[in-house]
Amino acid sequence: MALIKINGKEHEVESDLSILEAVRGEGYEIPTLCYHPDLSISGGCRLCIVEDVDSGQLITSCSTGVTEGLEIKTASERVERARRSVVDLLLSDHPLDCMICEADGNCTLQDLAYRYGLNESTLGSKIDPRFEIEHDNPFIVHDPDKCILCGRCIRVDNEIQCSDAIDFINRGFTTRIAAALEKDLGDDDSTCVFCGQCVEMCPTGALTYKPSIGEGREYNLEHTETTCGYCGVGCKLDLKTRGNKVVEVGSIYREGTPNPVGEACVKGRFGYEFIDHPDRLKTPLIKDKETGEFNEASWDEALDYIGDKFNQIKEESGGDAFGALCSARCSNEDNYLMQKLMRAGLGSHTIDHCARL
Amino acid sequence: MKSLEELKEIRDKYKNEIQIRKKEFREEEHIHKAHVMVCTGTGCVSSGARDVVAEFNDELGSRNLEDEVKVVGTGCHGLCELGPLVIVYPEGTFYSEITRDDVAEIVEEHIIDGQIVERLLYEDKSGKKIAGYNDIDFYKRQKRIALKNCGKINPESIEEYFAEGGYEALGKVIDELSPEEVIEMVKDSGLRGRGGGGFPTGLKWSFAAGAPGDKKYVICNADEGDPGAFMDRSVLEGDPHGIIEGMAISAYAIGADEGYIYVRAEYPLAVMRLKKAIIDAEEYGILGDNIYDSDFSFDLHVKEGAGAFVCGEETALMQSIEGNRGMPTPRPPYPAVKGLWGKPTNINNVETLVNIPYIILEGPEKFSAVGTEGSKGTKVFALTGKVNNTGLVEIAMGTTLREIIFDIGGGVQGGKEFKAVQTGGPSGGCVPKEHLDLSIDYESLLDVGAMMGSGGMVVMDEDTCMVDVARFFLDFTQSESCGKCTPCRIGTKRMLQILERITQGDGQGGDIDLLLELGARVKETSLCGLGQTAPNPVLSTIKFFRDEYEAHIYDNYCPTGSCDELALPYWIDKDICIGCTACVNECPVDAISGERKEPHVIDEDACISCGACAEICPVDAIFQK
Ligand SMILES: Cc1cc2nc3c(=O)[nH]c(=O)nc-3n(C[C@H](O)[C@H](O)[C@H](O)COP(=O)(O)O)c2cc1C
Ligand code: SF4
Ligand code: SF4
Ligand code: FES
C-alpha cells in the first residue's frame, strides 16, 4: 500500500496501480480518451494529466505509477486549462455533426465538449473534410475525419485480436489509421477478420457498424446479454435491440467469461441479419409425397402430423430411433427445449448441434 | 589481442607510421617523406575528394613515390565549404578547394621540391594566405576533444586509431577499474549529454547499472535529424572507433553485453565506416566474447534509421529498433529501467560517447578543467546561415556567442548587421544581439529561451524576417510530429496556420496572444521533447522581436521585406518620370496609368510589389515605399 495525497486529502492505495486507477478507485473523476483498462498504455491523448505537486509538472496519470508520498491535484485550474485546450484542439479538427452522427450519446469527445462548454473550437471549426470515408466492405465504416487518433482500435487489433490489420500511417497532422497498403479493411491484402473490436473501442464516431447505420443510437437501444450460439466457445455478447429487432451486437467486458475483453468473431458480431430476412420460413411446410413438393401448413396441422409420427415411431422402434440436429440460428432457449424434447420426451440421446467447436 | 600489453605493442608499431603528422618528432625519425591527408568526409567527397585521392595515387605512382609518400583519406575537418581540403605533413600545410588539376602541382612543387604552393593556400578575410593548419582563425580558437581524431587519422584504419592511443581506455577500464569506478569517473568529469537534454551522463549510467536485470543494452543515438546539423555525422565518419570504444566502456559500466548504433540511413558513408570499424574491432578481439581475455563480452550492431526526425527521441528510437513505428512512449518508465525490448538500456548521443575514452585516459579533472561551473568540456556546433565561415566548430563550454560568430565564424556575410542566432535547431530559440556575450552553456541558453540542443547554430542577418524564421522551424517540427499526442499533432498545426496567415498579411489582432497561449499549452502537455520544445522558436522570436510581429499584423508590413504578400507598393517620382510608358506594358496587373510624355502613377491598391516596373524604367523613377 502507498499513502498518497489527492487534492490535499490523504488516501491509502494499492502501490502497483497507476495514478489514474488509484485516483478513480478513490472516487475522483479523471477524463480519458486513449486509456482502456484492457489495452497497453499509449499516453497519447493527454487528457488524463494531473499536477504533480512535488515537481510542479503536469503528468499523465494513465502512464505514471503510484509512489509513496505522491501528492497530486486532479482538477486544479492549471490542469483544467490544459485539458480544456486538448479538447479545444480536438474539436478544431472534428466535424460538428453530432445531429446525424451514429455515435451521438455514446461519444467521449461529445461528453468532453459538453463538460468544457465548447460548442465549437475557439480556434475555428473544421468546415471541409480532410479525408474520404472508407466503406467498401459490408461491415465497418471508417471516417478518418472523426478520428481523434487515440489508437485504441490499433491496440485492440494488435494486442487482443492479433490481426495486425491496422496501424497509424503518415506523420503530424496528416496521421491517420489505415489498413494494409491504405486499402479497405475488406481488401485482399487486409488481414482484418471483422471481429468488430475496433468499433467497440472507438470513443467517437470514427468507426461504426455499417449494418447498424440509421437503426438507432445508443440511447434508443435495449441491451440483452446473451451467449453466442454459433460455436461451443460460448462468448458473451450484448445483443442490442430496438423494438423487436436486433440492430447491433456489442461486447461485454467481464473477467471469467470465455471472451473477457470483448472478443468476438465475424459471425457473432455480424451474423444476425437472417433474423429478419425476408426469405426466412415463417410457416411450417409439409411435403406432399405424391408430388414431392413442400406445401405451407398451419401450426396445428404440422404439430398434429409430427405428434402422430413421433408416437408411431416410438411405439414401433423405441426412443433410440430418433436423432435431432439443431441449429445455431435458433435461440438458446429453442435449443434447450429441443434437447429436452429429445431426452425427456422421446427418450433419445442422439441430439446434436451444428456448432461443434 | 589478449591484453593491454599486446595493444600497446601494436600501438607503438603504428605510432611510428603516423609520427610525421606530429610536431614532437624530428625529421630524421620520419618513416615517410610526406603524408597527404585528403578529407573524405561527406562534404569533401561531394565536392570531388575521391577524385583527388585517386589523382594523388596516380601521380605519386607514376613518379615511383608511392612507398615514400602516404595518401590518407580522413574524416571531416569542419571547413566543408572550402573542400576538398588537403593537408600535407610534415609541414602541416593546409590547402583548400583542391581539384584533380591541382594535384600534380602539389606533388611537383611541395612534395618533391619542398615549395609551398601559395596559390592553393587558404585565404583569410583580409586576403592573407595562411599555410599552417593551426594558424587559421577558424581552427586556432577551437578546442578539440570530441573531434580530436577527425581529420587526423584514417577512419577506416583501426591501426591508426591504435596509434593515437585508441582502445587503451577500454583496456584500462577492464584491467584496472570496477564498473562503479568508471561511473564515478564519468560523474566527476561533469560530462552532460550532448544529444540535446544535457542530462549528466554518469548519473544516467548509474541508473542503468543499478536497474535489476541480467540482460542490458547500450545504444548510441546517431540519428541526427536536426536540419543542417552534421556534428555527429562528422564523428561517425571521422572517428568511428572512438564511438565504439565509448560504447564498450558504457556497456562495461552498466553491465550490458550488447549494443546498437542507430544511425540515419541517409548517412551511407557513416554506415559503411561503422560497419568496417566493427568488423576490424572484432578481428582484433576488441568486440565479441571475453574482451582482453576478461569476463566482459560485448556485441555491437548497426541499425539504420527510418529517416524520421522523431526517431532521434530515445523512446521512439527504441520502438524503431524493435521494428515498430517510431512513436515515443511515455516516460517513466525510463530506458534505464525499461528500455529496448523491456530491458534496462543506456542511450547516449554520439558526441557524448566519443568524449568517454578521453575522460578515462586523461582523467576526469582534465576534462572538467575545460568549461563552466555547470557545463564541462567542449561542444561541437554546426555553424551555418549568414556567417562567413560556415562549418563545424568545437569550442570550450563558456565561449561566448560573439567569439563563435565573429572570431571563429568571421562575422556576418557581406558586412551586414548581425540580427540573431538560432541555437538548438528546430526546438531551440533565437538569441538576439543584446545577448551576444552570453556564455555558451546549458543553463545560460535556457535562460534566454533558447537551448543547447544537439549543436545547430544558424546565424541571421538584418534581412531575416523573424516571423518567417519561426514559421520555417515550426513548419519542420509540425510535419515531423509523429502524430501521437493531441497538442503536438494539432497544436503545432494551428500555430503554424496562425504564423502563415501573419506572414501572408492576414494576421489578426490577438494572434500574438493566441500564439503565446497555444505555445504554452503545447509545451506543457505534449508527450515527448518534440512537442515540448516545438513552440520555442515562436515564443523566443515573440519575446525578442515582438515589434516585427506587430508590424506584420497591424501595419501590414514586413520590416525586412521578406514576406512577399507584405511587401510595400511602388511609386513613381513624377519629377523624374519621362512618360515613356515602358512600365505600363511591364506591369502584370495593370496597376500603372498615365498619358504618353506625362508622369505616370501606380495604383497602390492594385500593385503587387513585383518590382518589374522599377527594373524596366530607363530613368530610375520608380521606388518602393
Ligand atoms: C524530437 C527529438 C529528437 C531527438 N533527436 C536526437 C538525435 O538526433 N540525436 C541524439 O543524440 N539525441 C536526440 N534526441 C535526444 C534523445 O532523446 C536522448 O535524450 C539522447 O539521445 C540522450 O543522449 P545523451 O544523454 O548522450 O544526450 C532527440 C530528442 C527529441 C525529443
Ligand atoms: S478510429 Fe476511433 S479508436 Fe481508432 S484511433 Fe480513431 S478515434 Fe481512436
Ligand atoms: S510530442 Fe509530437 S512527436 Fe512527441 S509523441 Fe507527441 S505527437 Fe509524437
Ligand atoms: S488517457 Fe492518459 S494520455 Fe490518454
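Residues numbered from 1 in each chain as written. Chains lettered and ligands numbered in written order. Predicted model: local features only at pLDDT ≥ 70, side-chain atom pairs only at ≥ 80, totals over all residues. Heavy atoms only, no water.

For chain A, the helix and strand inventory stands at eight helices and 16 strands. Its C-alpha atoms give chain A a radius of gyration of 27 Å, more than 25% over the compact-globule value 21 Å for 357 residues. Along the three orthogonal principal directions, the C-alpha set of chain A runs to about 90 × 50 × 35 Å. Taking all 357 residues of chain A together, the buried fraction comes to 46%. Considering only residue pairs separated by 6 or more positions, chain A has 56% of its internal contacts joining residues 24 or more positions apart. For chain A, the exposed area adds up to about 18900 Å²; of that, 50% sits on carbon and sulfur atoms. When the 37 positive and 63 negative side-chain charges of chain A are each reduced to one mean point, those points stand 2 Å apart. (Helix = DSSP H or I, 4+ residues; strand = E, 2+ residues; numbered from the N terminus. Rg over C-alpha atoms; globule rule 2.2 N^0.38 Å. Buried < 20%, exposed > 50% of the residue type's maximum accessible area, 1.4 Å probe, protein only. Contact = heavy atoms within 4.5 Å. Areas by Shrake-Rupley, 256 points an atom, 1.4 Å probe, with all protein chains shown as cover. Lys, Arg positive; Asp, Glu negative; His and termini not counted. Charge placed at Lys NZ, Arg CZ, Asp CG, Glu CD.)

What follows deals with the overall build of chain B. The helix and strand tally for chain B stands at 25 helices and 19 strands. Projected onto its principal axes, the C-alpha positions of chain B cover 95 × 65 × 40 Å. Residue burial in chain B is summarised as follows: out of 625 residues, 60% are buried. Sequence-distant contacts in chain B: of pairs separated by 6 or more residues, those separated by 24 or more amount to 69%. Accessible area for chain B stands at about 23800 Å²; split by element, carbon and sulfur atoms hold 46% of it.

This brings us to the side chain of R11(B). Mapped onto the fold, R11(B) is located in helix α1 (residues 4-18). Residue contacts for R11(B): discarding those within four places in its chain leaves F162(B), A163(B), G165(B) and E168(B).

To continue, consider the sheet that holds strand β9 (residues 299-304) of chain B. Remark on secondary structure: sheet strands pair via backbone hydrogen bonds, oriented parallel or antiparallel. Residues and elements named next belong to chain B. With parallel pairing, the four strands of this open sheet are ordered in space as β9-β8-β7-β10. Among the strands making up the open sheet, the edge pair consists of β9 and β10 (345-349). Between one strand axis and the next, the sheet turns by 20° as a mean value, whatever way the strands run. One ladder, built from five bridges, connects strand β7 (residues 217-222) with β10; its direction is parallel. What sits directly across from C220, in β10, is N348. (Pairing = 2+ DSSP bridges. Axes fitted to C-alpha atoms, helices over the stretch in contact; angles between N-to-C directions.)

Let's shift gears to the sheet that holds strand β3 (residues 49-52) of chain A. All names here are of chain A. If you trace the five strands from one edge of the open sheet to the other, you get β2-β1-β5-β3-β4, paired in mixed fashion. Two strands lie at the open edges of the sheet, namely β2 (9-13) and β4 (58-60), each paired on one side alone. On average, adjacent strands in this sheet sit at an angle of 40° to one another, irrespective of strand direction. Contacting β3, β4 and β5 (71-73), helix α2 (residues 77-91) runs over the sheet at an angle of about 150° to β3.

Further remarks concern a nonpolar patch on the surface. Residues and elements named next belong to chain B. Residues W571, I576, I578, V619 and F623 make up a contiguous nonpolar surface patch of roughly 380 Å² in combined accessible area. For I578, the location among the structural elements is in the loop between β16 (570-572) and α24 (582-586). Overall, the relative accessible area of 47% leaves I578 in the partly exposed class. (Patch = residues over 30% accessible without salt bridge, like charges linked within 9 Å, V, L, I, M, F, W, Y side chains within 5 Å. Salt bridge = Lys/Arg side-chain N within 4 Å of Asp/Glu carboxyl O.)

As a further point, take the environment of T350(A). Note that T350(A) resides in the loop between α8 (332-346) and β16 (351-353). Residue contacts for T350(A): discarding those within four places in its chain leaves F322(A), G323(A), A324(A) and M342(A).

In a pair of packed helices, the angle between the axes and the distance between the axes together describe the arrangement. All names here are of chain B. Look at helix α9 (residues 201-210) against helix α11 (residues 240-254): their axes get within 8 Å of each other, and the N-to-C directions meet at 50°. In terms of orientation, α9 and α11 fall into the oblique class. For the pair α9 and α11, the contacting residues are W205, A208 and A209 in the first and I249, S250, A253 and I254 in the second. Looking at the contact of α9 with α11, its residues break down into six nonpolar, one polar and no charged. (Parallel < 35°, antiparallel > 145°, perpendicular 65-115°, else oblique. Nonpolar A, V, L, I, M, F, W, Y, C, P; charged D, E, K, R; others polar.)

All of the buried residues along helix α7 (residues 168-176) of chain B are E168(B), A169(B), L170(B), G171(B), V173(B) and I174(B). Packing partners of the buried residues in α7(B) comprise α1, α8 (179-189), α11 and α15 (356-362) of chain B.

Taken together, the neighbourhood of ligand 3 is formed by 13 residues, with C482(B), C485(B), C488(B), C528(B) and G531(B) sitting nearest. Among the residues making up the shell around ligand 3, the classes are represented as eight nonpolar, four polar and one charged. (Near = heavy atom within 4 Å.)

Turning next to the packing of aromatic side chains. A complete count under the given rule lists 23 aromatic pairs over all chains for this structure. Ring centres of F138(B) and Y139(B) lie 5.1 Å apart, and the angle between their planes is 85°; on these two criteria the pair is classed as edge-to-face. Classification of F138(B) by relative accessible area gives buried; the value is 0%. Each residue in the set F94(B), Y122(B), Y133(B), F138(B) and Y139(B) is aromatic and connected to the rest through ring pairs, giving one cluster. Directly above the aromatic system of F173(A) lies the positively charged group of R130(A), at a separation of 3.7 Å from the ring centroid. In this arrangement the basic side chain of R264(B) is found over the ring face of Y267(B), its NZ or CZ atom lying 5.5 Å from the centre. (Phe/Tyr/Trp six-rings, centres within 6.5 Å; stacked < 30°, edge-to-face > 60°. Lys NZ or Arg CZ within 6 Å of the ring centre and 35° of its normal.)

Before going further, it helps to spend a moment on the state of the cysteines. Among covalent bonds in proteins, the disulfide is the one between the sulfur atoms of two cysteines. Across all of its chains, the model carries zero disulfides over all chains by this definition. Unpaired in this structure, C231(A) has its nearest cysteine sulfur neighbour in C235(A), at a distance of 6.1 Å. Overall, the relative accessible area of 26% leaves C231(A) in the partly exposed class. Between C220(B), a cysteine without a disulfide, and C150(B), which holds the nearest cysteine sulfur, the sulfur-to-sulfur distance is 13 Å. According to the relative accessible area criterion, C220(B) is buried, its value standing at 0%. (Disulfide = S-S within 2.5 Å.)

What follows deals with the domain arrangement of chain A. According to the domain assignment, chain A consists of domain 1 (2-75), domain 2 (221-280) and domain 3 (285-356). The distance between the C-alpha centroids of domain 1 of chain A and domain 2 of chain A comes to 35 Å. (Domains from an automatic or database assignment.)

Below, the discussion takes up the interface of chain A and chain B. Of the residues lining the interface, 29 residues belong to chain A; the matching set on chain B comes to 29 residues. Where chain A abuts chain B, roughly 2400 Å² becomes buried across the two surfaces, and 59% of that area is made up of carbon and sulfur atoms. Considering only the side of chain A, the residues that lose the most area to chain B are L89(A), R171(A) and F173(A), jointly responsible for 27% of the buried surface there. Inspection of the chain A/chain B interface yields two salt bridges. Among the ionic pairs, R171(A) bridges to E480(B), the shortest N-O distance being 2.9 Å. Seen at the junction of chain A and chain B, the total is 12 residue pairs in polar contact (both at pLDDT 80 or more). Mapped by element, the contributors of at least two residues to the side of chain A that touches chain B are α2 and β7 (166-169) of chain A. When residues in the side of chain A that touches chain B are grouped by element, the largest group, seven residues, is from α2(A). (Buried area = accessible area lost by both parts, 1.4 Å probe. Polar contact = N/O pair within 3.5 Å; in protein donor to acceptor, adjacent residues only side chain to side chain.)

Attention now moves to helix α4 (residues 100-112) of chain B. Residue and element names in this part refer to chain B. The end-to-end C-alpha distance of α4, which contains 13 residues, comes to 18 Å, matching closely the 18 Å that a straight helix rising 1.5 Å per residue would cover. A bend of about 35° at I106 is the largest found in α4. Those residues of α4 not exposed but buried are D102, V103, I106, V107, H110 and I111. Turning to α4, the residues buried within the fold contact β1 (34-39), α3 (49-62), β2 (69-74), β3 (86-89) and β4 (93-95). (Expected span 1.5 Å × (residues − 1). Bend = angle between axes of the 7 residues up to and from the residue.)

A full pass over the atoms with the stated rule returns 59 salt bridges over all chains. For R115(A), the salt bridge is made with E80(A), and the minimal N-O distance between the two is 3.2 Å. Residue R115(A) is located in helix α3 (residues 108-115), and its partner E80(A) is located in helix α2; the two are separated by 35 residues in the primary sequence. Put simply, D513(B) and R546(B) hold a salt bridge, and the shortest N to O gap is 3.8 Å. Within this pair, whereas D513(B) is found in helix α21 (residues 511-525), its partner R546(B) is found in helix α23 (residues 536-554), the two being separated by 33 residues in sequence. Of the residues examined, R546(B) reaches a relative accessible area of 32% and is grouped as partly exposed.

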